[in-house]
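Tertiary structure, described
Read off the chains here:
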Amino acid sequence: AQSVTQLDSQVPVFEEAPVELRCNYSSSVSVYLFWYVQYPNQGLQLLLKYLSGSTLVKGINGFEAEFNKSQTSFHLRKPSVHISDTAEYFCAVSPSGGSYIPTFGRGTSLIVHP
Amino acid sequence: KAGVTQTPRYLIKTRGQQVTLSCSPISGHRSVSWYQQTPGQGLQFLFEYFSETQRNKGNFPGRFSGRQFSNSRSEMNVSTLELGDSALYLCASSKEGAGGVETQYFGPGTRLLVL
C-alpha cells in the first residue's frame, strides 16, 4: 500500500519569493514520484517526475524537486514565483515497473500575492 | 495537435440513474486513464485502458466500469448513481502506456452532479 502526505494545504507567498511545497510518501515497494499542477477549472498538467537516476529533477515552468529516499520525501521548489503560478499542486506516487496505479496527496494550494 | 477532449463537460443526474462519460485521447495515444476528483476523497485513480483492454484498476465498486474502442476513444459508465458520485471525472491519455514512464495528458474533465 502507498500513501502520500502533502504537509501544507495552503501556501501563501509573495511574487518573486522562493517557495517549497512539501510531499512525503510511504510505500513498501520502489516508486515513481510525480508533481502535477491544476489551474482553476482545468485538468492536471505534469510538472515533473522522478523515475530513477539523479535525485534532482527539473520540470516545466522553472520548478524542480528533489527525491530523498531516506526521508521518503519529494519536495517541490521554485526560486522565484509568479502570479501565474497560483494553482493547486498535487504530489503522486506509483509503484515502479509495470503497473501504473497512482496515489495522490490531498493537494497544496499555492497562492501568490503581488 | 488537438488535446484530450471530454464530453459532456457538465452533467446533472438523479440518484439511481446511470451515466456514460466519453473521452477522446490525443491522436496516436493508445492508453486512457480515468480519475475521480472530489473535495472529500481528493484525486483517485479509477482505471486504465490500453489497446481496448483494462490494464489497471483502482479501488472502486463494480458500479464503475469502462471500455475502450479500437480508435482508442474511451467511455466510462457509472450505474445506480449515488450522491457521493458527484465529482469531477478526469481522463488522461498517453502514447504507449501509463506505466509511469510515459507522460499523461489530461482533459478538462466532466463535472457530474448527482441530485
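Residues numbered from 1 in each chain as written. Chains lettered and ligands numbered in written order. Predicted model: local features only at pLDDT ≥ 70, side-chain atom pairs only at ≥ 80, totals over all residues. Heavy atoms only, no water.

**Thoughts on the overall build of chain A**
Heads up, the rule is: Note on conventions: DSSP H or I runs of at least 4 residues are helices, E runs of at least 2 residues are strands, and numbering of each starts at the N terminus. All radius of gyration figures rest on C-alpha atoms, and the globule criterion is 2.2 Å times the number of residues raised to 0.38.
Secondary structure summary: chain A contains zero helices and 12 strands in total. The helix and strand sequence of chain A, counted from the amino end, reads β-β-β-β-β-β-β-β-β-β-β-β. Its C-alpha atoms give chain A a radius of gyration of 14 Å, near enough to 13 Å, the size a compact globule of 114 residues would have. Along the first, second and third principal axes, the C-alpha atoms of chain A reach 45 × 30 × 20 Å.

**Quick word on the nonpolar core**
We count it as follows: For our purposes a nonpolar core is just a set of buried Ala, Val, Leu, Ile, Met, Phe, Trp, Tyr and Cys residues, chained together by side-chain atoms within 4.5 Å. Exposed residues in this analysis have more than 50% of their type's maximum accessible area, buried residues have under 20%, and partly exposed residues fall in between, with area computed by a 1.4 Å probe over protein chains only.
Residues W35, L48, F74, L76 and Y89 of chain A are the most contacted members of the largest nonpolar core, which totals 28 residues. Of all elements in the fold, only β2 (10-14), β3 (19-21), β5 (31-38), β6 (44-50), β8 (64-68), β9 (73-78), β10 (87-95) and β12 (108-113) of chain A reach the threshold of two or more residues within this core. Within the second largest apolar cluster, 21 residues are counted, among which are V19, L46, A87 and V114 of chain B.

**Let's talk about the pattern of salt bridges**
Filter applied, for reference: A side-chain nitrogen of Lys or Arg and a carboxyl oxygen of Asp or Glu constitute a salt bridge if their distance falls within 4 Å.
Counting across every chain of the model gives 10 salt bridges over all chains. For R77 of chain A, the salt bridge identified is with E66 of chain A, shortest N-O distance 3.6 Å. Of this pair, R77 of chain A sits in strand β9 while E66 of chain A sits in strand β8, and the two are 11 residues apart along the sequence. A relative accessible area of 27% places R77 of chain A in the partly exposed class. On the accessibility criterion, E66 of chain A (34% relative accessible area) is partly exposed. Among the salt bridges present, the one from R73 of chain B reaches E75 of chain B, with a minimum N-O distance of 3.3 Å.

**Comments concerning the interface of chain B and chain A**
Which entries qualify depends on this criterion: For this analysis, residues touch if any pair of their heavy atoms sits within 4.5 Å. Take the accessible area each of two parts loses on contact, using a 1.4 Å probe, and add the two losses: that sum is the buried area. Gly falls in the polar group here, along with every residue not listed as nonpolar (Ala, Val, Leu, Ile, Met, Phe, Trp, Tyr, Cys, Pro) or charged (Asp, Glu, Lys, Arg).
With 23 residues of chain B in contact, the opposing surface of chain A contributes 20 residues. For the pairing of chain B and chain A, the buried interface totals around 1700 Å² over both sides, and the portion due to carbon and sulfur atoms is 54%. Linking chain B with chain A are zero salt bridges, by the criterion used here. Mapped by element, the contributors of at least two residues to the side of chain B that touches chain A are β4 (31-38), β5 (42-50), β6 (53-57) and β9 (87-94) of chain B. A total of three residues in the side of chain B that touches chain A trace back to one element, the largest contributor, which is β5 of chain B. Partitioned by chemical class, the residues of the side of chain B that touches chain A number 10 nonpolar, 10 polar and three charged.

**As for the packing of aromatic side chains**
Stated formally: Within 6.5 Å between ring centres, the rings of Phe, Tyr and Trp (the latter by its six-membered ring) count as paired, and their orientation is classed by plane angle as stacked under 30 degrees, edge-to-face over 60, tilted in between.
Taken as a whole and assessed by the stated rule, the structure comprises 11 aromatic pairs over all chains. The interplanar angle of 50 degrees and the centroid separation of 5.9 Å between the aromatic rings of Y36 of chain A and F104 of chain A together place this pair among those described as tilted. Of this pair, Y36 of chain A sits in strand β5 while F104 of chain A is found in strand β11 (residues 103-104), placing the two residues 68 residues apart along the sequence. The buried category is assigned to Y36 of chain A, whose relative accessible area is 2%. Residue F104 of chain A is classed as buried on the basis of its relative accessible area, which comes to 8%. Their ring planes at 80 degrees and their centres at 5.6 Å tell us that Y36 of chain A and F106 of chain B sit as a pair that is edge-to-face. With Y36 of chain A in strand β5 and F106 of chain B in strand β10 (residues 105-106), this residue pair bridges two chains. Assigned by exposure class, Y36 of chain A and F106 of chain B land together as buried. Clustering of aromatic rings is evident, with ring pairs tying together F34, Y36 and F104 of chain A together with Y35, F45 and F106 of chain B.

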